[in-house]
Amino acid sequence: MPVELKMPSDDDWVPSPEDLPYQRLGGMEAAKALAEAFYDAMDAHEPELARLHELDEQGRVNRGTRERFGLFLAGWLGGPQDYTERHGHPRLRMRHGHLPVGIAMRDAWLRSMQRAMDARGITGGLRRFLDQRFAHVADFLRNVEE
């Protein structure tokens, strides 16, 4: 059952302590749904990137990866810190350090996230905010020159 977003379709929203991205997105279920849509998009359109993850019997990014990323997104967006409580500090550069992350991988990751946000109907100020934040983090993880 799809989780509905709790936001206007077009707005000038910017985050504030009273209106965090987590709440604007729709809470935990919406963060998990975004993670699912992200990996679905990756499986369908970015197979080289998907193969860098643990896959299930059907060759799709596995359930554990999807669940961890949903928890990470929730906390990263200002929601409950369940990811940190279960898995420790995200330490994104360290966790991705064993992979050569260049421009092509960064862009494949961003395309997957853009498709996921399109699939989830994320628009307006929240979309602009997330596009900017995801681009910043994806570029931060680059560790090779291309």
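Conventions we followed
Residues numbered from 1 in each chain as written. Predicted model: local features only at pLDDT ≥ 70, side-chain atom pairs only at ≥ 80, totals over all residues. Heavy atoms only, no water. Helix = DSSP H or I, 4+ residues; strand = E, 2+ residues; numbered from the N terminus. Rg over C-alpha atoms; globule rule 2.2 N^0.38 Å. Buried < 20%, exposed > 50% of the residue type's maximum accessible area, 1.4 Å probe, protein only. Contact = heavy atoms within 4.5 Å. Lys, Arg positive; Asp, Glu negative; His and termini not counted. Charge placed at Lys NZ, Arg CZ, Asp CG, Glu CD. Axes fitted to C-alpha atoms, helices over the stretch in contact; angles between N-to-C directions. Parallel < 35°, antiparallel > 145°, perpendicular 65-115°, else oblique. Left-handed = near helix turned anticlockwise from the far one by under 90°. Nonpolar A, V, L, I, M, F, W, Y, C, P; charged D, E, K, R; others polar. Expected span 1.5 Å × (residues − 1). 1 Å grid on protein atoms, 1.4 Å probe; cavity = no way out; pocket = protein on both sides within 12 Å on 5 of 7 lines; lining within 4 Å. Points joined across faces, edges and corners; volume = space filled by probe spheres on them. Core = buried A, V, L, I, M, F, W, Y, C linked by side-chain atoms within 4.5 Å.

Novice: What's the story with the overall build of the chain in this structure? I'm lost.
Specialist: Broken down by element type, the chain carries eight helices and zero strands. In the chain, the succession of α and β elements from N to C terminus is α-α-α-α-α-α-α-α. What you see for the chain is a C-alpha radius of gyration of 15 Å, in line with the 15 Å of a compact globule of 146 residues. With the C-alpha coordinates aligned to their principal axes, the bounding extent of the chain is approximately 40 × 35 × 30 Å. When each of the 146 residues of the chain is scored for burial, the buried share is 44%. Contacts spanning at least 24 positions in sequence make up 67% of the contacts within the chain whose residues lie at least 6 apart. Distance between charge centres in the chain, computed from 20 positive and 24 negative side chains, equals 3 Å.

Novice: So what exactly am I meant to see when it comes to the side chain of R127 here?
Specialist: Residue placement: R127 occurs in helix α8 (residues 124–140). By relative accessible area, which is 14% here, R127 ends up buried. What R127 contacts, discounting residues up to four positions off in sequence, is Q114, M117, D118 and I122.

Novice: What is the right way to look at the packing of helix α7 (residues 103–119) against α8 in this model?
Specialist: The relative placement of two packed helices is expressed as an angle between their axes plus a distance between the axes. Between α7 and α8, whose axes approach to 10 Å, the crossing angle comes to 160°. Judged by the inter-axis angle, α7 sits roughly antiparallel to α8. The two elements α7 and α8 meet at a crossing, and its hand is right-handed. Seen from α7, the contacting residues are R106, W109, L110, M113, Q114, M117 and D118; seen from α8, they are R127, L130, D131, F134, A135, A138 and D139. Its residues assigned to classes, the contact of α7 with α8 shows eight nonpolar, one polar and five charged.

Novice: For this particular structure, what's the right way to read α7?
Specialist: Helical geometry note: an α-helix holds 3.6 residues per turn, so side chains three or four residues apart project in the same direction. Compared with an ideal rise of 1.5 Å per residue, which puts 17 residues at 24 Å, α7 spans 24 Å between its outermost C-alpha atoms and is within 8% of the ideal. Burial in α7 covers these residues: M105, R106, A108, L110, S112, M113, A116 and M117. Elements that come into contact with the buried residues of α7 comprise α2 (28–45), α3 (47–50), α4 (63–76) and α8.

Novice: Just checking my understanding: could you explain the environment of Y83 for this structure?
Specialist: With respect to the secondary-structure elements, Y83 resides in helix α5 (residues 82–87). With twelve residues separating them along the chain, Y83 and L71 place their C-alpha atoms 5.1 Å apart. If sequence neighbours within four positions are ignored, Y83 has contacts with R68, L71, F72, G88, P90 and R95.

Novice: Looking at this structure, I do not really get the side chain of S112. What am I missing?
Specialist: Among the secondary structure elements, S112 is positioned in helix α7. Residue classification places S112 among the buried residues on the basis of a relative accessible area of 0%. Each residue touching S112, except ones within four places of it in the same chain, is listed here: F38, A41, M42, E46 and L49.

Novice: Help me understand the layout of surface pockets in this model?
Specialist: Summary: where empty space remains is shown by rolling a probe the size of a single water molecule over the atoms. Roughly 740 Å³ of volume is contained in the largest pocket. Together, 26 residues line the largest pocket, and Y39, H53, T65, F69 and H96 are the ones closest to its centre. For the lining of the largest pocket, the secondary structure elements donating two or more residues are α2, α4, α6 (92–96), α7 and α8. For the lining of the largest pocket, the leading source of residues is α4, giving six residues. Considered class by class, the residues forming the lining of the largest pocket number 18 nonpolar, four polar and four charged.

Novice: What should I look at first to understand the nonpolar core in this one?
Specialist: Looking at soluble globular proteins, one finds that nonpolar side chains tend to be buried together. Of all hydrophobic cores here, the largest spans 39 residues; its most connected members are L25, L34, F69, L73, M113, L130 and F134. With nine residues, α2 is the single largest residue contributor to this core.

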